[in-house]
Amino acid sequence: MTILVLGATGKTGRRVVPRLRERGADVRAASRSGETRFDWTDRSSWADAVRGAEAVYLIAPEDPAPIEPFVSQAVAAGVRRFVTLSGRATEKWAGRFGAGMAEAERVVQASGAGWTILRSNNFDQNFDEDLWREPLLAGRLALPAGDLREPFVDVEDLAEVAATVLTSTGHDGRIYDLSGPESITFADAVETIAKVSGRPMEYVAVTPAAYRDELLAAGWPEEAVHELNALFEIMREGHVTMPTDDIERLLGRPATSFASYAERVWAG
Ligand SMILES: NC(=O)c1ccc[n+]([C@@H]2O[C@H](COP(=O)([O-])OP(=O)(O)OC[C@H]3O[C@@H](n4cnc5c(N)ncnc54)[C@H](OP(=O)(O)O)[C@@H]3O)[C@@H](O)[C@H]2O)c1
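The shown structure was predicted, so the numbers you read here are calculated from the model rather than taken from an experiment.

Let's talk about the site of the ligand
- Around the ligand, the structure places 22 residues, and the nearest of them are Thr9, Thr12, Ser31, Arg32 and Ser33.
- One of the backbone N or O atoms of Lys11 is found 2.9 Å from an oxygen atom in the ligand.
- Separating an oxygen atom of the ligand from a side-chain N or O atom of Arg32 is a distance of 2.8 Å.
- The class makeup of the residues in the shell around the ligand is eight nonpolar, eleven polar and three charged.

This is the structure we're talking about:
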(Lines give C-alpha, C1' and ligand atoms only; values in the text may rest on other atoms or scores of the structure.)
Protein backbone atom coordinates (compact mmCIF):
# COMPACT_ATOMS: atom_id res chain seq x y z
CA MET A 1 0.00 0.00 0.00
CA THR A 2 1.38 3.42 -0.98
CA ILE A 3 0.81 6.24 1.49
CA LEU A 4 1.53 9.84 0.55
CA VAL A 5 2.77 11.85 3.54
CA LEU A 6 2.54 15.60 3.04
CA GLY A 7 4.62 17.90 5.22
CA ALA A 8 7.05 14.99 5.42
CA THR A 9 9.94 17.14 6.65
CA GLY A 10 7.84 18.84 9.35
CA LYS A 11 7.40 18.11 13.02
CA THR A 12 4.72 15.46 12.54
CA GLY A 13 5.44 14.20 9.02
CA ARG A 14 9.09 13.33 9.63
CA ARG A 15 7.99 11.16 12.57
CA VAL A 16 5.10 9.56 10.68
CA VAL A 17 7.26 8.46 7.72
CA PRO A 18 9.62 6.07 9.59
CA ARG A 19 6.75 4.62 11.61
CA LEU A 20 4.85 3.77 8.42
CA ARG A 21 7.98 2.24 6.87
CA GLU A 22 8.52 0.11 9.98
CA ARG A 23 5.00 -1.18 9.45
CA GLY A 24 5.87 -2.19 5.87
CA ALA A 25 4.04 0.58 4.02
CA ASP A 26 5.41 2.05 0.81
CA VAL A 27 5.73 5.72 1.77
CA ARG A 28 6.01 8.73 -0.47
CA ALA A 29 7.52 11.44 1.73
CA ALA A 30 6.54 14.72 0.13
CA SER A 31 7.14 18.42 0.62
CA ARG A 32 8.95 21.18 -1.27
CA SER A 33 12.32 19.82 -0.05
CA GLY A 34 11.21 16.22 0.57
CA GLU A 35 12.11 12.94 -1.17
CA THR A 36 9.15 13.55 -3.47
CA ARG A 37 8.68 17.16 -4.49
CA PHE A 38 5.24 18.48 -3.61
CA ASP A 39 4.32 22.13 -3.51
CA TRP A 40 0.82 23.34 -2.68
CA THR A 41 1.48 26.40 -4.83
CA ASP A 42 2.64 24.42 -7.89
CA ARG A 43 -0.07 22.15 -9.28
CA SER A 44 2.37 20.53 -11.70
CA SER A 45 3.94 18.79 -8.66
CA TRP A 46 0.71 17.10 -7.54
CA ALA A 47 0.27 14.31 -10.13
CA ASP A 48 3.53 12.47 -9.35
CA ALA A 49 2.80 12.73 -5.63
CA VAL A 50 -0.67 11.15 -5.78
CA ARG A 51 -0.04 8.57 -8.50
CA GLY A 52 -0.82 5.09 -7.14
CA ALA A 53 -1.35 6.32 -3.58
CA GLU A 54 -4.19 4.79 -1.58
CA ALA A 55 -3.99 7.05 1.47
CA VAL A 56 -2.79 10.58 2.25
CA TYR A 57 -1.56 12.13 5.50
CA LEU A 58 -2.63 15.70 4.91
CA ILE A 59 -0.96 18.71 6.53
CA ALA A 60 -2.98 21.68 5.37
CA PRO A 61 -1.34 24.77 3.89
CA GLU A 62 -2.21 28.12 5.49
CA ASP A 63 -3.89 29.26 2.25
CA PRO A 64 -7.06 27.15 1.89
CA ALA A 65 -7.40 27.72 -1.88
CA PRO A 66 -5.48 24.69 -3.22
CA ILE A 67 -6.99 22.13 -0.82
CA GLU A 68 -10.21 21.31 -2.66
CA PRO A 69 -8.58 20.95 -6.10
CA PHE A 70 -5.82 18.82 -4.61
CA VAL A 71 -8.21 16.48 -2.82
CA SER A 72 -10.35 16.16 -5.98
CA GLN A 73 -7.27 15.28 -8.02
CA ALA A 74 -6.11 12.78 -5.40
CA VAL A 75 -9.50 11.03 -5.30
CA ALA A 76 -9.62 10.93 -9.11
CA ALA A 77 -6.15 9.33 -9.02
CA GLY A 78 -7.39 6.57 -6.68
CA VAL A 79 -6.79 7.86 -3.13
CA ARG A 80 -9.34 6.19 -0.86
CA ARG A 81 -8.46 7.68 2.53
CA PHE A 82 -7.31 10.94 4.08
CA VAL A 83 -5.95 11.43 7.57
CA THR A 84 -5.74 15.14 8.21
CA LEU A 85 -4.19 17.13 11.05
CA SER A 86 -6.20 19.90 12.68
CA GLY A 87 -6.69 21.65 16.02
CA ARG A 88 -9.12 20.89 18.83
CA ALA A 89 -12.54 22.57 19.05
CA THR A 90 -12.72 23.52 15.37
CA GLU A 91 -16.22 24.96 15.76
CA LYS A 92 -14.81 27.53 18.23
CA TRP A 93 -11.98 28.81 16.03
CA ALA A 94 -13.08 28.29 12.42
CA GLY A 95 -13.42 31.72 10.79
CA ARG A 96 -11.03 33.35 13.27
CA PHE A 97 -7.91 31.23 12.84
CA GLY A 98 -6.45 28.28 10.88
CA ALA A 99 -8.32 28.75 7.59
CA GLY A 100 -6.31 25.97 5.94
CA MET A 101 -7.01 23.40 8.66
CA ALA A 102 -10.73 24.22 8.70
CA GLU A 103 -10.92 23.90 4.93
CA ALA A 104 -9.05 20.59 5.01
CA GLU A 105 -11.58 19.24 7.52
CA ARG A 106 -14.47 20.38 5.31
CA VAL A 107 -12.98 19.12 2.06
CA VAL A 108 -11.96 15.63 3.19
CA GLN A 109 -15.40 15.11 4.74
CA ALA A 110 -17.03 16.02 1.41
CA SER A 111 -14.52 14.09 -0.73
CA GLY A 112 -16.38 10.79 -0.99
CA ALA A 113 -13.23 9.02 0.26
CA GLY A 114 -12.68 7.73 3.79
CA TRP A 115 -11.42 10.35 6.24
CA THR A 116 -10.11 10.68 9.78
CA ILE A 117 -9.38 14.00 11.49
CA LEU A 118 -6.71 14.30 14.16
CA ARG A 119 -7.46 17.41 16.22
CA SER A 120 -4.50 18.23 18.38
CA ASN A 121 -3.61 20.53 21.25
CA ASN A 122 -0.39 22.55 21.07
CA PHE A 123 2.68 20.40 20.63
CA ASP A 124 5.41 19.92 23.27
CA GLN A 125 7.77 20.35 20.33
CA ASN A 126 6.71 23.99 19.85
CA PHE A 127 9.14 24.59 22.71
CA ASP A 128 12.20 23.02 21.04
CA GLU A 129 11.52 22.81 17.30
CA ASP A 130 9.34 25.79 16.57
CA LEU A 131 8.27 29.27 17.63
CA TRP A 132 9.09 29.17 21.32
CA ARG A 133 12.62 27.73 20.98
CA GLU A 134 14.57 30.95 20.36
CA PRO A 135 12.89 33.00 23.12
CA LEU A 136 13.39 30.12 25.56
CA LEU A 137 17.06 29.81 24.72
CA ALA A 138 17.34 33.57 25.21
CA GLY A 139 15.83 33.07 28.68
CA ARG A 140 12.45 34.80 28.29
CA LEU A 141 9.28 33.40 26.74
CA ALA A 142 6.67 36.18 26.67
CA LEU A 143 3.16 35.14 25.61
CA PRO A 144 -0.41 36.43 26.05
CA ALA A 145 -1.28 33.22 27.85
CA GLY A 146 -1.69 34.42 31.45
CA ASP A 147 -2.12 31.35 33.61
CA LEU A 148 -4.24 29.42 31.12
CA ARG A 149 -3.79 25.65 31.14
CA GLU A 150 -2.94 23.61 28.07
CA PRO A 151 -2.60 19.80 27.76
CA PHE A 152 0.45 19.97 25.46
CA VAL A 153 0.81 16.88 23.28
CA ASP A 154 4.01 15.03 22.42
CA VAL A 155 4.40 14.82 18.63
CA GLU A 156 5.90 11.34 19.07
CA ASP A 157 2.46 10.24 20.36
CA LEU A 158 0.67 12.10 17.58
CA ALA A 159 2.87 10.43 14.94
CA GLU A 160 2.22 7.02 16.49
CA VAL A 161 -1.52 7.71 16.31
CA ALA A 162 -1.29 8.87 12.69
CA ALA A 163 0.71 5.76 11.68
CA THR A 164 -1.77 3.51 13.52
CA VAL A 165 -4.78 5.14 11.90
CA LEU A 166 -3.18 5.04 8.43
CA THR A 167 -2.38 1.33 8.67
CA SER A 168 -5.46 -0.09 10.39
CA THR A 169 -9.19 -0.14 9.83
CA GLY A 170 -12.10 1.24 11.82
CA HIS A 171 -11.11 4.91 11.76
CA ASP A 172 -13.13 6.20 8.79
CA GLY A 173 -15.47 9.04 9.70
CA ARG A 174 -13.83 9.49 13.10
CA ILE A 175 -12.54 12.67 14.72
CA TYR A 176 -9.90 12.13 17.40
CA ASP A 177 -9.02 14.79 19.99
CA LEU A 178 -5.34 14.41 20.84
CA SER A 179 -3.91 15.91 24.02
CA GLY A 180 -1.27 15.25 26.61
CA PRO A 181 -2.28 13.62 29.90
CA GLU A 182 -2.45 16.79 32.00
CA SER A 183 -3.14 20.51 31.60
CA ILE A 184 -0.31 22.75 32.74
CA THR A 185 0.38 26.47 32.61
CA PHE A 186 3.10 28.00 30.46
CA ALA A 187 4.86 28.90 33.70
CA ASP A 188 4.83 25.19 34.68
CA ALA A 189 6.14 24.19 31.25
CA VAL A 190 8.98 26.72 31.25
CA GLU A 191 9.91 25.89 34.83
CA THR A 192 10.09 22.19 33.95
CA ILE A 193 12.30 22.84 30.93
CA ALA A 194 14.53 25.23 32.91
CA LYS A 195 14.95 22.65 35.65
CA VAL A 196 15.92 19.72 33.43
CA SER A 197 18.07 21.79 31.06
CA GLY A 198 19.83 23.73 33.81
CA ARG A 199 19.32 26.96 31.83
CA PRO A 200 17.84 30.16 33.22
CA MET A 201 14.44 30.66 31.62
CA GLU A 202 11.30 32.50 32.60
CA TYR A 203 7.77 32.75 31.33
CA VAL A 204 6.37 36.27 31.22
CA ALA A 205 2.62 36.83 30.78
CA VAL A 206 2.05 39.81 28.48
CA THR A 207 -1.05 41.49 27.10
CA PRO A 208 -2.19 40.68 23.55
CA ALA A 209 -1.28 44.26 22.56
CA ALA A 210 2.25 43.93 23.97
CA TYR A 211 2.65 40.54 22.25
CA ARG A 212 1.53 42.08 18.97
CA ASP A 213 4.01 44.95 19.35
CA GLU A 214 6.87 42.56 20.13
CA LEU A 215 6.14 40.40 17.08
CA LEU A 216 5.78 43.38 14.74
CA ALA A 217 9.01 44.88 16.08
CA ALA A 218 10.73 41.55 15.37
CA GLY A 219 9.59 41.79 11.74
CA TRP A 220 6.64 39.40 11.74
CA PRO A 221 4.07 40.05 9.02
CA GLU A 222 0.75 41.52 10.15
CA GLU A 223 -1.23 38.44 9.03
CA ALA A 224 0.90 36.02 11.06
CA VAL A 225 0.70 38.28 14.11
CA HIS A 226 -3.08 38.30 13.80
CA GLU A 227 -3.17 34.47 13.57
CA LEU A 228 -0.95 34.03 16.62
CA ASN A 229 -3.01 36.41 18.72
CA ALA A 230 -6.19 34.62 17.62
CA LEU A 231 -4.67 31.29 18.70
CA PHE A 232 -3.98 32.60 22.20
CA GLU A 233 -7.41 34.21 22.39
CA ILE A 234 -8.99 30.81 21.67
CA MET A 235 -6.78 29.16 24.29
CA ARG A 236 -7.66 31.82 26.86
CA GLU A 237 -11.35 31.17 26.22
CA GLY A 238 -10.77 27.68 27.62
CA HIS A 239 -12.17 25.54 24.77
CA VAL A 240 -9.12 23.29 24.55
CA THR A 241 -8.06 23.04 28.19
CA MET A 242 -9.40 19.65 29.21
CA PRO A 243 -7.20 16.61 28.52
CA THR A 244 -8.73 13.81 26.45
CA ASP A 245 -8.07 10.06 26.50
CA ASP A 246 -8.05 9.42 22.74
CA ILE A 247 -4.28 8.81 22.63
CA GLU A 248 -4.56 6.22 25.40
CA ARG A 249 -7.53 4.53 23.74
CA LEU A 250 -5.77 4.40 20.35
CA LEU A 251 -2.30 3.39 21.55
CA GLY A 252 -3.22 1.28 24.59
CA ARG A 253 -0.90 3.30 26.86
CA PRO A 254 -1.10 6.72 28.47
CA ALA A 255 -0.09 9.81 26.53
CA THR A 256 3.44 11.05 27.31
CA SER A 257 3.68 13.62 30.09
CA PHE A 258 5.28 17.03 29.58
CA ALA A 259 7.90 16.11 32.19
CA SER A 260 8.89 12.99 30.20
CA TYR A 261 9.14 15.04 27.01
CA ALA A 262 11.32 17.61 28.79
CA GLU A 263 13.61 14.94 30.24
CA ARG A 264 13.99 13.28 26.84
CA VAL A 265 14.64 16.48 24.89
CA TRP A 266 16.05 19.10 27.25
CA ALA A 267 18.11 17.21 29.83
CA GLY A 268 21.81 17.98 29.92
N1 LIG B 1 2.22 23.31 16.32
C2 LIG B 1 1.12 22.95 16.96
O3 LIG B 1 1.06 22.99 18.21
C4 LIG B 1 -0.08 22.46 16.19
C5 LIG B 1 -1.18 21.96 16.87
C6 LIG B 1 -2.29 21.51 16.14
C7 LIG B 1 -2.26 21.57 14.75
N8 LIG B 1 -1.15 22.07 14.11
C9 LIG B 1 -1.14 22.14 12.65
O10 LIG B 1 -0.14 21.30 12.16
C11 LIG B 1 0.22 21.75 10.85
C12 LIG B 1 1.72 21.80 10.74
O13 LIG B 1 2.21 20.48 10.85
P14 LIG B 1 3.69 20.18 11.31
O15 LIG B 1 3.91 20.90 12.62
O16 LIG B 1 3.90 18.71 11.23
O17 LIG B 1 4.54 20.87 10.16
P18 LIG B 1 5.67 21.98 10.32
O19 LIG B 1 6.71 21.50 11.29
O20 LIG B 1 5.02 23.29 10.53
O21 LIG B 1 6.31 21.93 8.87
C22 LIG B 1 5.57 22.29 7.71
C23 LIG B 1 5.70 21.20 6.65
O24 LIG B 1 5.00 21.61 5.47
C25 LIG B 1 5.90 21.65 4.37
N26 LIG B 1 5.51 22.79 3.53
C27 LIG B 1 5.61 24.12 3.82
N28 LIG B 1 5.18 24.85 2.78
C29 LIG B 1 4.79 23.96 1.82
C30 LIG B 1 4.25 24.10 0.50
N31 LIG B 1 4.03 25.31 -0.07
N32 LIG B 1 3.97 22.98 -0.20
C33 LIG B 1 4.20 21.76 0.33
N34 LIG B 1 4.69 21.55 1.57
C35 LIG B 1 4.99 22.65 2.29
C36 LIG B 1 7.28 21.80 4.98
O37 LIG B 1 8.29 21.22 4.20
P38 LIG B 1 9.09 21.99 3.02
O39 LIG B 1 9.64 23.24 3.62
O40 LIG B 1 10.12 20.99 2.60
O41 LIG B 1 8.08 22.23 1.97
C42 LIG B 1 7.13 20.96 6.25
O43 LIG B 1 7.31 19.60 5.94
C44 LIG B 1 -0.43 23.12 10.67
O45 LIG B 1 -1.62 22.98 9.92
C46 LIG B 1 -0.76 23.51 12.10
O47 LIG B 1 -1.81 24.43 12.17
C48 LIG B 1 -0.06 22.50 14.80
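Having seen it, we continue.
Let's talk about the packing of aromatic side chains
- This structure, assessed with the given rule, holds 20 aromatic pairs.
- Between Trp40 and Phe70, the ring centres sit 5.1 Å apart and the planes meet at 70°, which makes this aromatic pair edge-to-face. Here Trp40 is found in the loop between strand 3 (36-37) and helix 2 (46-50), whereas its partner Phe70 is found in helix 3 (residues 67-76), with 30 residues between them in sequence.
- With centroids separated by 5.4 Å and ring planes inclined at 75°, the aromatic side chains of Phe127 and Phe258 adopt a geometry described as edge-to-face. With Phe127 in the loop between strand 6 (114-120) and helix 6 (133-137) and Phe258 in helix 12 (residues 258-266), the pair connects residues that are 131 residues apart, well separated along the chain.

Observations concerning the layout of surface pockets
- As a volume, the second largest pocket reaches approximately 240 Å³.
- Along the wall of the second largest pocket there are 15 residues; nearest its centre are Leu131, Pro135, Ala142, Tyr211 and Leu215.
- Broken down by secondary-structure element, the contributors of at least two residues to the lining of the second largest pocket are helix 6, strand 7 (140-143) and helix 9 (208-217).
- No other element matches the four residues that strand 7 contributes to the lining of the second largest pocket.

Some details on the sheet that holds strand 9 (residues 174-178)
- Ordered in space as 3-2-1-4-5-6-9, the seven strands form an open sheet in which the pairing is parallel. Where the open sheet ends on each side, the last strands, each with one partner, are strand 3 and strand 9.
- Pairing of strand 1 (residues 2-6) with strand 2 (residues 26-31) involves five bridges; the strand directions are parallel. When the bridges of strand 2 are listed, Thr2 appears paired with Asp26.
- In the packing of helix 5 (residues 99-109) onto the sheet, contacts are made with strand 4 (55-58), strand 5 (81-87) and strand 6, and the angle to strand 5 comes to roughly 150°.

Considerations on the pattern of salt bridges
- Per the stated rule, a full pass over the model turns up 26 salt bridges.
- Via salt bridges that share partners, Arg14, Arg15, Arg19, Arg23, Glu129, Glu156 and Glu160 belong to a single interconnected network.

Some details on the side chain of Thr84
- Within the secondary structure, Thr84 sits in strand 5.
- Residues in contact with Thr84, not counting those within four places in the same chain, are Leu58, Ala104, Val108, Thr116, Ile117 and Leu118.

Criteria and thresholds
- Residues numbered from 1 in each chain as written.
- Predicted model: local features only at pLDDT ≥ 70, side-chain atom pairs only at ≥ 80, totals over all residues.
- Heavy atoms only, no water.
- Near = heavy atom within 4 Å.
- Polar contact = N/O pair within 3.5 Å; in protein donor to acceptor, adjacent residues only side chain to side chain.
- Nonpolar A, V, L, I, M, F, W, Y, C, P; charged D, E, K, R; others polar.
- Phe/Tyr/Trp six-rings, centres within 6.5 Å; stacked < 30°, edge-to-face > 60°.
- Helix = DSSP H or I, 4+ residues; strand = E, 2+ residues; numbered from the N terminus.
- 1 Å grid on protein atoms, 1.4 Å probe; cavity = no way out; pocket = protein on both sides within 12 Å on 5 of 7 lines; lining within 4 Å.
- Points joined across faces, edges and corners; volume = space filled by probe spheres on them.
- Pairing = 2+ DSSP bridges.
- Contact = heavy atoms within 4.5 Å.
- Axes fitted to C-alpha atoms, helices over the stretch in contact; angles between N-to-C directions.
- Salt bridge = Lys/Arg side-chain N within 4 Å of Asp/Glu carboxyl O.

Honestly, that's just the spatial picture; any functional story needs more than this.
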